[in-house]
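Read off the chains here:
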Amino acid sequence: RPFWSSNARVRRHPACLEEGSYVDGGLRWGMQAAQAILYVRFVAVSDPDRWIVNNQCIIGIDHTATVLSILNMGPDSGSITKTVHIVRDGRVAWNTSDEYIAFVRWEPAFGRYRPIAGPLFMIPVRDGKVVWDRTDAPNIRNGDPVSKAMAGLFALLPSARAAR
């Protein structure tokens, strides 16, 4: 009987992380950790998929979103397109047509945005008004129009405070 032998390199990744635990470091931390704060409307949702991030496997869902407004956070804000992709960790999707103020970071490993601290800094917007249950932004209240909330967040940026 012939004996077959082959040498193949197989790179294995550990089991995929479906969703981690998140720590709310406060709004000041969130504004520093986010590379962009976007007001978005989700227009399409993919099936859960595997993504490799920092040499770890995660399960996530790619959401296509229309950018309705961008909080000007510096020179990189100009490179944000009208349509972006935001990957949510886990197998639970946000709904198409849902709107959020999203605190996000660019993930170069797969060329999409991810929310910072999971869902903690995804602020729902319903009928043009924010669902705001945080207590660390005295100038933003639950039910404020999204434009007032975005202006309130802008006022909290270090660059805006320094300009006063």
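Residues numbered from 1 in each chain as written. Predicted model: local features only at pLDDT ≥ 70, side-chain atom pairs only at ≥ 80, totals over all residues. Heavy atoms only, no water.

Asks: I would appreciate a short explanation of the overall build of the protein chain in the present structure.
Replies: The number of helices and strands found in the protein chain is three helices and eight strands. Counted over contacts in the protein chain with a minimum sequence separation of 6, partners at least 24 positions apart contribute 62%. Taken as a whole, the protein chain presents about 9,900 Å² of accessible surface, with 50% of it coming from carbon and sulfur. (Helix = DSSP H or I, 4+ residues; strand = E, 2+ residues; numbered from the N terminus. Contact = heavy atoms within 4.5 Å. Areas by Shrake-Rupley, 256 points an atom, 1.4 Å probe, with all protein chains shown as cover.)

Asks: Help me understand the side chain of E99, please; the structure alone is not making it clear to me.
Replies: Within the secondary structure, E99 sits in strand 5 (residues 99-107). In terms of polar contacts, E99 uses its side chain to reach the side chain of Y39, at 2.4 Å. Within the local environment of E99, its side chain forms a polar contact with the side chain of R41, the two groups lying 2.8 Å apart. Ignoring sequence-local partners within four residues, the contact set of E99 consists of Y39, V40, R41, L68, I123, P124 and V125. (Polar contact = N/O pair within 3.5 Å; in protein donor to acceptor, adjacent residues only side chain to side chain.)

Asks: Would you take a moment to explain unusual backbone geometry for this structure?
Replies: A negative phi angle is the norm for most residues apart from glycine, just as the trans form is the norm for most peptide bonds. Phi angles above zero are rare outside glycine, and N55 is one such case at about 65°. Checked against the element boundaries, N55 lands in the loop between strand 2 (49-53) and strand 3 (56-71). A relative accessible area of 47% places N55 in the partly exposed class. Phi at S97 takes a positive value of approximately 80°, unusual for a residue other than glycine. As for its position among the elements, S97 is in the loop between strand 4 (83-89) and strand 5. S97 sits in the exposed class, given a relative accessible area of 52%. (Buried < 20%, exposed > 50% of the residue type's maximum accessible area, 1.4 Å probe, protein only.)

Asks: Teacher, can you tell me more about helix 2 (residues 146-156) here?
Replies: Every α-helical turn comprises 3.6 residues, leaving residues that sit three or four positions apart pointing alike. All of the buried residues in helix 2 are V146, A149, M150, G152 and L153. Seen end-on, helix 2 carries its buried residues on one side only, within an arc spanning 160°. Looking at the buried residues of helix 2, the elements they touch are helix 1 (27-33), strand 1 (36-45), strand 3, strand 5, strand 7 (122-126) and strand 8 (129-130). (Arc of directions from axis to C-beta.)

Asks: What exactly am I supposed to notice about the layout of surface pockets here?
Replies: Where empty space is left in the structure can be found by rolling a water-sized probe over the atoms. Computed from the structure, the largest pocket encloses a volume of approximately 250 Å³. Forming the boundary of the largest pocket are 16 residues, of which R114, P115, I116, A117 and G118 lie nearest the centre. Put simply, the parts of the chain that give the lining of the largest pocket at least two residues each are helix 1, strand 4, strand 5 and strand 6 (112-115). Counting residues per element, the lining of the largest pocket draws most heavily on strand 4, which supplies three residues. Of the residues that constitute the lining of the largest pocket, the class distribution is nine nonpolar, one polar and six charged. (1 Å grid on protein atoms, 1.4 Å probe; cavity = no way out; pocket = protein on both sides within 12 Å on 5 of 7 lines; lining within 4 Å. Points joined across faces, edges and corners; volume = space filled by probe spheres on them. Nonpolar A, V, L, I, M, F, W, Y, C, P; charged D, E, K, R; others polar.)

Asks: Please explain the pattern of salt bridges as it appears in this structure.
Replies: Where charged atoms from two side chains of opposite charge come close, those side chains can pair. Scanning the model with the defined rule gives seven salt bridges in all. Measuring nitrogen to oxygen at the nearest pair gives 2.7 Å for the salt bridge that ties D89 to R114. Highlighted residues: D89 in strand 4 and R114 in strand 6, separated in sequence by 25 residues. Both residues of the pair, D89 and R114, belong to the buried class. Among the charged side chains, a salt-bridge network with shared partners connects D24, R134 and D136. (Salt bridge = Lys/Arg side-chain N within 4 Å of Asp/Glu carboxyl O.)

Asks: Is there a simple way to think about the nonpolar core in this case?
Replies: Soluble globular proteins tend to pack their nonpolar side chains together in the buried interior. Membership of the largest hydrophobic core comes to 23 residues, with the highest contact counts inside it found for I101, F103, V130 and L153. Those residues in contact with V130 that lie beyond four places of it in its chain are I101, I123, P124, V125, I140, R141, N142, G143, D144, V146 and A149. Among the nonpolar cores identified, the runner-up in size contains 15 residues, and A36, I80, V84 and V104 belong to it. (Core = buried A, V, L, I, M, F, W, Y, C linked by side-chain atoms within 4.5 Å.)

In short, geometric facts, not functional conclusions.
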